[in-house]
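Structural overview for review
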Amino acid sequence: MHVEVELKLEMPPAALDRLRRHPFVRTHKQGRAQSLHLHNTYYDTPDCDLARQKAALRLRRNGTQFFQTVKTKGDHQGAHFSRPEWEWPVTGEALDVSLLAETPLASLSAPVLAAVQPLFTTDFKRTVWLLSAPEETPSWQIELTIDQGEIRPHGSTSTDSEAICEVELELKHGTPRDLYHAALTLTEGLPVRISVHSKAERGYALARPRPSRAHKGSAPALKKNDTVAEALQSIGQACLGHALLNEPLLRRLRHPEAVHQMRVALRRFRSALSVFKPVLGSPASLRVKDDLRWLAGELGDARDLDVFSDEILAPATAALGDGIDLSPLQSLISHRRELAYQRALEALESPRSGQTLLHAAAWLENGDWLTPDAPEQQAILNGSLRPFARQLLDHRLKSVLRAGQHFGTLDSLARHAVRIEVKKLRYTCEFFSSLFSEKKQADFNATLSDLQEHLGAINDAAVARQKLSAIAQEGPADLTLACGAVIGWHQAHMEDTIKDCGKSWKQFQKQEPFWH
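Keep in mind that this is a model prediction, so the values were computed, not measured. (Residues numbered from 1 in each chain as written. Predicted model: local features only at pLDDT ≥ 70, side-chain atom pairs only at ≥ 80, totals over all residues. Heavy atoms only, no water.)

**Some thoughts on helix H9 (residues 283–320)**
With 38 residues, H9 should reach 56 Å at 1.5 Å per residue; the first-to-last C-alpha distance of 53 Å fits that figure. The principal kink in H9, of about 40 degrees, is found at Gly300. (Helix = DSSP H or I, 4+ residues; strand = E, 2+ residues; numbered from the N terminus. Expected span 1.5 Å × (residues − 1). Bend = angle between axes of the 7 residues up to and from the residue.)

**Quick word on the nonpolar core**
Grouped together as the largest cluster of nonpolar side chains are 124 residues, with contacts concentrated most on Phe276, Leu329, Leu425 and Phe432. Top element by residues in this core is H9. It accounts for 12 residues. Each residue touching Phe276, except ones within four places of it in the same chain, is listed here: Val228, Ala231, Leu232, Ile235, Phe388 and Phe432. Ala55, Phe66, Leu100 and Leu105 belong to the second-largest nonpolar core, a separate cluster that totals 16 residues. (Core = buried A, V, L, I, M, F, W, Y, C linked by side-chain atoms within 4.5 Å. Buried < 20%, exposed > 50% of the residue type's maximum accessible area, 1.4 Å probe, protein only. Contact = heavy atoms within 4.5 Å.)

**Let's talk about the pairing of strand S4 (residues 65–72)**
The side chains of a regular strand alternate between both faces of the sheet. Burial analysis of S4 places 7 of its 8 residues in the buried class, which makes it a mostly covered element. As judged from the 8 bridges shared by strand S3 (residues 55–62) and S4, these two strands associate in the antiparallel manner. Opposite Arg60, over in S4, you have Phe67 as the bridge partner. In this structure, the hairpin formed by S3 and S4 is closed by a connection of 2 residues, where Gly63 is found at a positive phi of approximately 65 degrees. (Pairing = 2+ DSSP bridges.)

**Structural notes on the pairing of strand S8 (residues 141–153)**
Relative to S8, strand S7 (residues 117–132) runs antiparallel, the two sharing 13 bridges. Bridging across to S8, Thr122 finds its partner in Ile151. Strand direction decides the pairing type here: S8 and strand S9 (residues 162–173), joined by 11 bridges, are antiparallel. Its bridge partner lying in S9, Ile142 is registered against Leu171.

**Overview of a negative patch on the surface**
Taken together, the side chains of Asp450, Glu453, Asp496 and Asp500 define an acidic patch exposed on the protein surface. When you line up the elements, Asp450 lands in helix H15 (residues 438–474). (Patch = residues over 30% accessible without salt bridge, like charges linked within 9 Å, V, L, I, M, F, W, Y side chains within 5 Å. Areas by Shrake-Rupley, 256 points an atom, 1.4 Å probe, with all protein chains shown as cover. Salt bridge = Lys/Arg side-chain N within 4 Å of Asp/Glu carboxyl O. Lys, Arg positive; Asp, Glu negative; His and termini not counted. Charge placed at Lys NZ, Arg CZ, Asp CG, Glu CD.)

**Structural notes on the pattern of salt bridges**
Within the structure shown, the criterion is met by 31 salt bridges. Put simply, Glu421 and Lys424 hold a salt bridge, and the shortest N to O gap is 4.0 Å. One end of the pair is Glu421 and the other is Lys424, both in helix H14 (residues 412–431) and 3 residues apart, which spans about a single turn. With relative accessibility at 28%, the residue Lys424 sits in the partly exposed group. Taking the shortest distance from any N to any O, the salt bridge between Glu430 and Arg426 comes out at 3.6 Å. Pair noted here: Glu430 and Arg426 are both in helix H14, with a separation of 4 residues, about one helical turn. Classification of Glu430 as partly exposed rests on a relative accessible area of 24%. Given a relative accessible area of 27%, Arg426 falls into the partly exposed group. Taken together, the shared-partner salt bridges connect Lys8, Arg126, Asp147, Glu162, Glu166, Glu168, Lys199 and Arg202 into one network.

**Describing the packing of aromatic side chains**
This model, assessed by the stated rule, comprises 13 aromatic pairs. Where Phe444 meets Phe508, the ring centres are 5.8 Å apart and the plane angle is 55 degrees; that geometry is what we call tilted. Placement of the pair is Phe444 in helix H15 and Phe508 in helix H16 (residues 477–509), with a sequence separation of 64 residues. Here Phe508 falls in the buried class, since its relative accessible area comes to 2%. Both rings, one in Phe444 and one in Trp515, keep their centres 5.5 Å apart while their planes meet at 80 degrees; by these two values the pair is edge-to-face. In this pair, Phe444 is assigned in helix H15 and Trp515 in the segment after H16, connecting sequence segments 71 residues apart. Exposure remark for Phe444: the relative accessible area of 1% places this residue in the buried category. Exposure remark for Trp515: the relative accessible area of 0% places this residue in the buried category. Lying over the aromatic face of Phe124, Lys199 brings its terminal NZ or CZ to 5.1 Å of the ring centre. (Phe/Tyr/Trp six-rings, centres within 6.5 Å; stacked < 30°, edge-to-face > 60°. Lys NZ or Arg CZ within 6 Å of the ring centre and 35° of its normal.)

**Section: the packing of helix H7 (residues 228–253) against helix H8 (residues 256–275)**
Running from amino to carboxyl end, H7 crosses H8 at an angle of 160 degrees, the nearest separation of the two axes being 8 Å. Taken together, the axis directions place H7 and H8 in an arrangement best described as roughly antiparallel. Judged by the twist between their axes, the crossing of H7 over H8 is left-handed. The residues of H8 that touch H7, namely those facing Ile235, Gly236, Cys239, Leu240, His242, Ala243, Asn246, Glu247, Leu249 and Leu250, are Ala258, Val259, Gln261, Met262, Val264, Ala265, Leu266, Arg268, Phe269 and Ala272. Of the residues assigned to the contact of H7 with H8, the class counts are 14 nonpolar, 4 polar and 2 charged. (Axes fitted to C-alpha atoms, helices over the stretch in contact; angles between N-to-C directions. Parallel < 35°, antiparallel > 145°, perpendicular 65-115°, else oblique. Left-handed = near helix turned anticlockwise from the far one by under 90°. Nonpolar A, V, L, I, M, F, W, Y, C, P; charged D, E, K, R; others polar.)

**Focus on the environment of Leu410**
Positionally, Leu410 belongs in the loop between helix H13 (385–403) and H14. When its relative accessible area of 15% is taken as the criterion, Leu410 is described as buried. Taking the C-alpha atoms as reference points, Leu410 and Glu230, 180 residues apart in sequence, are found 40 Å from one another. Setting aside residues no more than four positions away along its own chain, Leu410 makes contact with Ala403, Gly404, Gln405, Arg415 and Val418.

**Some words on the environment of Pro256**
Residue position: Pro256 is located in helix H8. Once residues within four sequence positions are removed from consideration, Pro256 is found in contact with Asp306 and Tyr341.

**Focus: empty space enclosed by the protein**
All chains considered together, the criterion is met by 1 cavity of 30 Å³ or more. In this structure, the largest cavity occupies an estimated 80 Å³ of space. For the lining of the largest cavity, the elements supplying multiple residues, two or more each, are H15 and H16. Per-element accounting of the lining of the largest cavity gives the leading share, 5 residues, to H16. Taken together, the residues of the lining of the largest cavity sort by class into 7 nonpolar, 2 polar and 1 charged. (1 Å grid on protein atoms, 1.4 Å probe; cavity = no way out; pocket = protein on both sides within 12 Å on 5 of 7 lines; lining within 4 Å. Points joined across faces, edges and corners; volume = space filled by probe spheres on them.)

By themselves, these are just geometric observations and shouldn't be taken as functional.
Laid out in structure tokens, this is it:
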């Protein structure tokens, strides 16, 4: 067994041609490129028992040679993978099930293994270069691979296939920093997307399609003995991975929950950079934050109009029934949503989007923030995480309490400021949750979530009221009437929401910080 550490990128064919001729390749290649034509068949049971074990079983034909391979899901660290792999040469186009005894699939029963059958195939042309540092004893070696071909369900004669147009950089020797340095150099100025799905995962999605679901983020598994620098890397990689998992779903299906989750991921990443501000501040750090802000902004109108449609317009439509014709407003919002999604998709297809996420991934691994000039910053980065986390949580809590003074008398702008501070506190709690007792966190986090939900509902209604008032001023009489009806319906319910929010605030004030 060996562990692959690789970065997978998607690029259009024209960009791949430019990559082949890149000066970095000419300078660092060791010998000639190797050209292969690979045909791979992936196997599983009809119930996908191997996939449930998070493993892929493949038989590869390369000319007259055959290789049997098992890969497991491994560790996904933001943009790059670390995956265990087992591979053996075999004779002919038949699996050797006995070899699986050396892999995690050894736990499967004989009847299950007997039911294994071809599921899908990949057929592609591969060009491989071995790139190496120029030293006599190279500090790094990277295998650069370009794959072009297709994925197809086994036995399919239809056009139900997916194109393969990928670049893989596999670290043979060195560190992930070397991997990202090579990736940034090779792709500068080119349209590129980070891919977090293997060919096997894409094949399963094609051969055994399931309802598409957006991916929710999860808290990073920080360790109590982590340094501050290691924590920032883990948190950033979790946020980046959250965004990358939702990007394909948004691009392919314009999935509303995918745009929501991708925006949440980008906002969490930016919030993490704010949390760690004491050890950041270099131009590269500011660029990462600005680029993330740009990408989140390009997705913003689509998400805001989804919220408006689902949480403002839909309940008012259901409550008002046929009494008032809201169809002019519904048509307008539907048209604006269409335009907003076009804008979001154009942004995701732009070279800036791919470069933004790739630079963010590289910055986490190899950013100048890791070697600051100021000794006091380096001391913080190398220092223990728990005291740093407690200090940050205390700061965030004080900011919430300060913003929420005289809560019952706050106007809409002041309540919005409280909402922002509450959101920052909640993200910070999530970032550091694995450092503290889960039992102690439960009540605090539930109360904080409840408060954020009420503040969010009030803010959504306030934003919607402004939007509706602007629409009413520019529209014909029937549109003005529809806007007034929706504003009136929500205004009638707002008093109760504000009262409930006040109760949530009082309950929150009683909570003991779980990190003390």
